[in-house]
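Geometric and topological summary
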Amino acid sequence: MIGQPFHVLDTVDSTNNYAMQQVNAGHISHGTAWFAREQTAGKGQRGKQWLSLPGENIILTIALQPNSLPLSRQFMLSVAVALGASDFFARYAGDETCIKWSNDIYWRDRKAGGILIENVLRGNTWQYAITGIGININQAQFPEHLPNPVSLRQITGKTWDSVALAKELCQCLEPWIKQLRPAHYNELLEAYKSRLFRLNEPGLYRMQGDYFQGIIRDVLPDGKLCLEKNGAILQLDFGEVEFVITR
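Bear in mind the structure is a predicted one, so any value in this text is a computation, not a measurement.

1. Considering the overall build of the protein
Secondary structure assignment for the protein yields 5 helices and 12 strands. Relative to the compact-globule value of 18 Å for 247 residues, the protein shows a C-alpha radius of gyration of 18 Å, a close match. Each principal axis of the C-alpha distribution contributes one length, and for the protein these read about 50 × 45 × 30 Å. By residue count, 50% of the 247 residues in the protein fall in the buried class. Looking at the protein alone, contacts between residues at least 24 apart form 63% of all its contacts between residues at least 6 apart. Put simply, the protein shows about 11700 Å² of open surface, and 46% of that area lies on carbon and sulfur atoms. Separation of charge centres in the protein, based on 24 positive and 24 negative side chains, amounts to 1 Å.

2. Observations concerning the pattern of salt bridges
Pairing of side chains with opposite charge becomes possible as their charged atoms draw close. What the rule picks out here adds up to 14 salt bridges. Residue Asp10 pairs with Arg37 through a salt bridge whose shortest N-O separation is 3.5 Å. Taken together, the residues Asp10 in strand E1 (residues 6–12) and Arg37 in strand E2 (residues 33–39) connect sequence positions 27 residues apart. For Asp10, a relative accessible area of 56% puts it in the exposed group. Close ionic contact of Arg195 with Asp87 constitutes a salt bridge, the shortest N to O distance being 2.7 Å. A residue pair is termed long-range when its members are at least 10 positions apart, and Arg195 in the loop between helix H5 (185–194) and strand E8 (202–207) and Asp87 in helix H2 (residues 74–93) qualify at 108 residues.

3. As for the sheet that holds strand E12 (residues 242–244)
Spatially, the 5 strands line up as an open sheet ordered E11-E10-E9-E8-E12, and their pairing is antiparallel. Looking at the sheet topology across the chains shown, the edges are occupied by strand E11 (232–236) and E12. Between one strand axis and the next, the sheet turns by 50 degrees as a mean value, whatever way the strands run. Pairing of strand E9 (residues 210–219) with strand E10 (residues 225–229), which is carried by 4 bridges, proceeds in the antiparallel orientation. Looking at E10, one finds that Asp218 is bridged to Cys226.

4. Structural notes on the sheet that holds E1
Read across the open sheet, the 7 strands follow the order E1-E2-E3-E7-E6-E5-E4; overall the sheet is mixed. In the strand order of this sheet, the two ends are held by E1 and strand E4 (97–100), each with one partner. Each strand of the sheet is rotated relative to its neighbour by a mean of 20 degrees, with strand direction disregarded. As paired elements, E4 and strand E5 (residues 104–107) share 4 bridges and run antiparallel to each other. Bridging across to E5, Thr97 finds its partner in Trp107. On top of the sheet, H2 reaches strand E3 (58–64), E4, E5, strand E6 (110–122) and strand E7 (125–135); it is set at about 150 degrees to E6, its chief contact. Its contacts with the sheet place helix H4 (residues 162–178) against E1, E2, E3 and E7, and it is angled at close to 35 degrees to E3.

Parameters at a glance
- Residues numbered from 1 in each chain as written.
- Predicted model: local features only at pLDDT ≥ 70, side-chain atom pairs only at ≥ 80, totals over all residues.
- Heavy atoms only, no water.
- Helix = DSSP H or I, 4+ residues; strand = E, 2+ residues; numbered from the N terminus.
- Rg over C-alpha atoms; globule rule 2.2 N^0.38 Å.
- Buried < 20%, exposed > 50% of the residue type's maximum accessible area, 1.4 Å probe, protein only.
- Contact = heavy atoms within 4.5 Å.
- Areas by Shrake-Rupley, 256 points an atom, 1.4 Å probe, with all protein chains shown as cover.
- Lys, Arg positive; Asp, Glu negative; His and termini not counted.
- Charge placed at Lys NZ, Arg CZ, Asp CG, Glu CD.
- Salt bridge = Lys/Arg side-chain N within 4 Å of Asp/Glu carboxyl O.
- Pairing = 2+ DSSP bridges.
- Axes fitted to C-alpha atoms, helices over the stretch in contact; angles between N-to-C directions.

Remember, this is a structural readout, not a statement about activity or role.
So this is what it looks like as structure tokens:
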């Protein structure tokens with residue numbers, strides 16, 4: 001079961017780093033989770049830092065064994081984790097919860113959480129997916145350079161038990177991870193697209209310093225974003241386009 005065992009760490013540089021060390025030492029099994037009250041060097045997508053005030057939020061890493069999922073289908077794992085995380089957040093924040101490509105958790109047009117998956121390979125075998133999830137729970141003030149953060153407390157006006165919610169998040173991931181079989185790939189992808197931020201809606205984007213209006217039309221099974229620009233469809237990999245948030 002995902003989240004069993006569930007370890008609580010007071011302080012760690014990065015839960016993903018800590019989990020990686022435990023995997024390399026051979027001390028863990030599928031579903032093992034680590035929750036940190038404080039991270040001193042949290043990691044985000046594409047080398048960015050994940051910032052979180054001590055004791056305020058969910059800082060969680062889970063070691064997942066992909067089993068029959070081939071590396072060529074690794075985007076499907078990202079899809080399943082994003083669906084589970086959005087299920088969890090929507091329980092409390094409501095149906096304005098969505099997924100921003102590729103796997104950020106959004107509420108309206110504001111970022112509530114992010115996911116970072118790092119793979120452990122043994123030869124050609126995908127041994128583990130070290131799955132880090134950060135979700136803003138009780139934090140009410142954020143660094144000024146962050147463009148659009150939001151927390152569950154800001155949405156609901158309530159203070160939450162972040163450890164209890166992290167365990168609940170693990171439960172929300174379970175049914176989606178169990179669906180990672182070829183027969184369910186299409187179903188997973190359609191569920192993901194049904195929650196996609198800005199799907200079929202005009203939005204502002206930036207590529208190589210150029211700002212333009214675009215419309216997301218699809219996400220392909222390999223994770224490429226199909227973005228319409230001036231009537232043409234661009235197929236974009238992660239990191240090739242930036243969503244511009246205007247407030």
